[in-house]
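Architecture at a glance
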Amino acid sequence: MKYEQVEEVKKLLEKDMDTISNMDELNELKVKYLGKKGLITNLNQLIKEIPNEEKKEFGGSVNEVRSVFTEFYENRKNAYEEEILNKKLASEAIDISLPATKVASGAPSILEKLVEEVEEVFMSMGYDVVDGPEIELDKYNFEMLNIPKGHPARDAQDTFYIEGEEVLLRSQTSPVQVRTMLKGKGEVPIRVICPGKTYRRDDDDATHSHQFMQIEGLLVDKNISLSDLKGTIDVLVKKLFGPETETRLHPSYYQFTEPSVEADISCFNCHGAGCNICKNTGWITVAGAGVVHPNVLKMGGYDPEKWSGFAFGFGSERLAMLKYGINDCRVFYNTDLREEKVFDRKEKDLND
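Predicted model only: the values in this text are computed from it and were never measured.

Topic: the sheet that holds strand E6 (residues 211-221)
- As summarised here, the arrangement of the seven strands in space is E1-E5-E6-E10-E9-E8-E7, forming an open sheet in which the pairing is mixed. Lying at the two open borders of the sheet, with one neighbouring strand each, are strand E1 (128-129) and strand E7 (247-254).
- Both E1 and strand E5 (residues 190-199) contribute to a ladder of two bridges, which runs parallel. Paired with valine 129 across the bridge in E5 is isoleucine 193.
- Set on the sheet, helix H8 (residues 174-184) makes contact with E5, E6 and strand E10 (308-315); between it and E6 the angle comes to about 30 degrees.

Here it is as structure tokens:
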């Protein structure tokens, strides 16, 4: 009786196979024969009712039916999938003779390009580019830079405090220099620049912003003097504004340097004749700088009797405004690609 069921399933399968014409019908046929309650699946369940001496023969007959179905299914499945693919390729063919869709491409930020150019100059002189947290501790932002609590210099910073007077948004990238000195443990020379965002309370207008970028630098080594600082700045400004650019230093005051200076460059627009860019002086101030104060060296772990150094700070926006003739710093945070193209042309003119 059990063998007769196998023959009945085999005959029914042969009949059903002649009716299949598409993939959906083929999948339905698979469920009918190999599903949980499929006809071939049910035949497998009958094996436990067959005497042991007949199980091998009965199982062989069931496997024969299963092999017939499996071979049929795989052949038809491959044929239908190929047919579906060919139809899809035919319907989705691309006419390569049609004009392509124009996709507007982005452009790097003006500030980003300038910072990268400055980084390349300093890396060629052996400097490392380092970064630090924008949310800082008062200890690193002020105290270890020789600006104790209550000092008037803190008022000039107009700092954004977050938690009391201990946690703040950094008002300069100088804390990165402090952290670098602490890592050096007073034992190794330091050559770093620290580009990054800084924050101060200020009105947003054509020349000021509450957020701006600085590029600060620090060099600590043996027998460093002010002339080393001047030569370093001179290398950078010649790269940015042309080989004929001259550099001069004039006295200033910063709490973390002694002596302190401001660095001027000869006006690249009028070449000393006097114009609105240099305010008819022939010179443009581009950086604050100076010899690192002995107190700052001590707090950073360096013995000022053995070590000396210089520090400097450029405003990225100011450098870019001078180089590209921009009179509104808010331009740097716009997304108008037409402005980028204008500055690209100016840069090509400068390089030529």
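The discussion continues.
Section: the packing of aromatic side chains
- Counted under the stated rule, the structure contains eight aromatic pairs.
- Aromatic side chains phenylalanine 122 and tyrosine 127 sit 5.0 Å apart centroid to centroid with 70 degrees between the ring planes, which places their arrangement in the edge-to-face category. There is no split in this pair, since phenylalanine 122 and tyrosine 127 are both buried.
- A cation over an aromatic ring shows up here: arginine 179 above the ring of tyrosine 140, its NZ or CZ 4.2 Å from the ring centre.
- Across the ring face of tryptophan 307, the terminal group of lysine 222 is positioned such that the distance to the ring centre comes to 4.6 Å.

Quick notes on the side chain of aspartate 138
- Here aspartate 138 lies in helix H6 (residues 138-141).
- Within the structure, the side chain of aspartate 138 is placed 3.4 Å from the side chain of lysine 149, a separation counted as a polar contact.
- Leaving out residues up to four positions away in the same chain, aspartate 138 has contacts with Glu143, Lys149, Arg154, Tyr161, Glu165, Glu166 and Leu168.

Re the environment of tyrosine 199
- Position of tyrosine 199 among the secondary structure elements: in strand E5.
- Remark: the alpha-carbon pair of tyrosine 199 and aspartate 158, spanning 41 residues in sequence, is separated by 8.8 Å.
- Tyrosine 199 has contacts with Glu134, Phe160, Leu169, Arg170, Ser171, His210 and Gln211, leaving out every residue within four places of it along the chain.
- A distance of 2.5 Å separates a polar atom in the side chain of tyrosine 199 from a polar atom in the side chain of glutamate 134.

Overview of the sheet that holds strand E4 (residues 167-169)
- Read across the sheet, three strands follow the order E2-E4-E3 without closing on themselves; strand pairing throughout is antiparallel. In this open sheet, the two edge strands, each paired with only one partner strand, are strand E2 (135-137) and strand E3 (160-163). The sheet shows a mean angle of 40 degrees between the axes of neighbouring strands, direction not considered.
- By the bridge criterion, three bridges tie E3 to E4 in an arrangement that is antiparallel. Across the sheet, glutamate 163 pairs through a bridge with valine 167, a residue of E4.

Overview of the nonpolar core
- Among the nonpolar cores identified, the biggest contains 42 residues, and Val286, Phe312, Phe314 and Phe332 are the most heavily contacted of them.
- Mapped onto this core, the elements with two or more residues apiece are helix H5 (110-124), E6, helix H9 (226-241), strand E8 (257-266), strand E9 (283-292), E10 and helix H11 (316-324).
- When residues in this core are grouped by element, the largest group, seven residues, is from H5.
- The contacts of phenylalanine 332, once residues within four sequence positions are left out, are Ile110, Leu111, Glu317, Ala320, Met321 and Ile326.

Details of the confidence of the model for the chain
- When pLDDT is averaged across the chain, the result is 83; 89% of the residues are at 70 or more.
- Within the chain, the element-level pLDDT minimum falls on helix H12 (residues 337-351), averaging 58, and the maximum on E1, averaging 94.

Regarding unusual backbone geometry
- Following glutamate 258, the chain continues to proline 259 via a peptide bond in cis, the omega torsion being 0 degrees.
- The residue proline 259 is located in strand E8 in this model.
- Although it is not a glycine, lysine 185 sits at a positive phi angle of roughly 55 degrees.
- Its place among the elements puts lysine 185 in the loop between H8 and E5.
- Overall, the relative accessible area of 61% leaves lysine 185 in the exposed class.
- In the Ramachandran plot, asparagine 280 falls in the positive-phi region, its phi being about 65 degrees despite a non-glycine side chain.
- Its place among the elements puts asparagine 280 in the loop between E8 and E9.

What counts, and where the lines are drawn
Every chain begins its residue count from 1, and numbering advances along the sequence as written. Predicted model: local features are reported for residues with pLDDT of at least 70 only, side-chain atom pairs are reported and counted for 80 or more only, and whole-chain, interface and lining totals are derived from all residues. Side-chain measures were taken over the full set of non-hydrogen atoms in the model, leaving aside hydrogen atoms and water. In short, DSSP must find at least two bridges between two strands for them to pair. Secondary structure elements follow DSSP: runs of H or I of four or more residues count as helices, runs of E of two or more count as strands, with numbering from the N terminus. Two residues qualify as a contact provided that any one of their heavy atoms is within 4.5 Å of a heavy atom in the partner residue. A fitted line through C-alpha atoms serves as each axis, taken over the contacting stretch for helices, and the angle formed by two N-to-C directions is quoted from 0 to 180°. Between the rings of Phe, Tyr and Trp (Trp by its six-membered ring), a pair exists once the centres lie within 6.5 Å; its type follows the angle of the planes, with under 30 degrees stacked, over 60 edge-to-face, and the other angles tilted. Throughout, exposure labels follow a simple rule: accessible area from a 1.4 Å probe, protein chains only, divided by the maximum for the residue type, with under 20% read as buried, over 50% as exposed, and the rest as partly exposed. Counting as a charge over the ring demands two things of the Lys NZ or Arg CZ atom: a distance within 6 Å of the ring centre and an angle within 35 degrees of the ring normal. Within 3.5 Å is the distance limit for a polar contact, defined as a pair of N or O atoms, with the added protein rule that one can donate a hydrogen and the other accept it, and that residues adjacent in sequence qualify only through two side-chain atoms. Residues belong to one nonpolar core when they are buried, are Ala, Val, Leu, Ile, Met, Phe, Trp, Tyr or Cys, and are joined through side-chain atoms within 4.5 Å. pLDDT measures how confident the predictor is about each residue, on a scale from 0 to 100.

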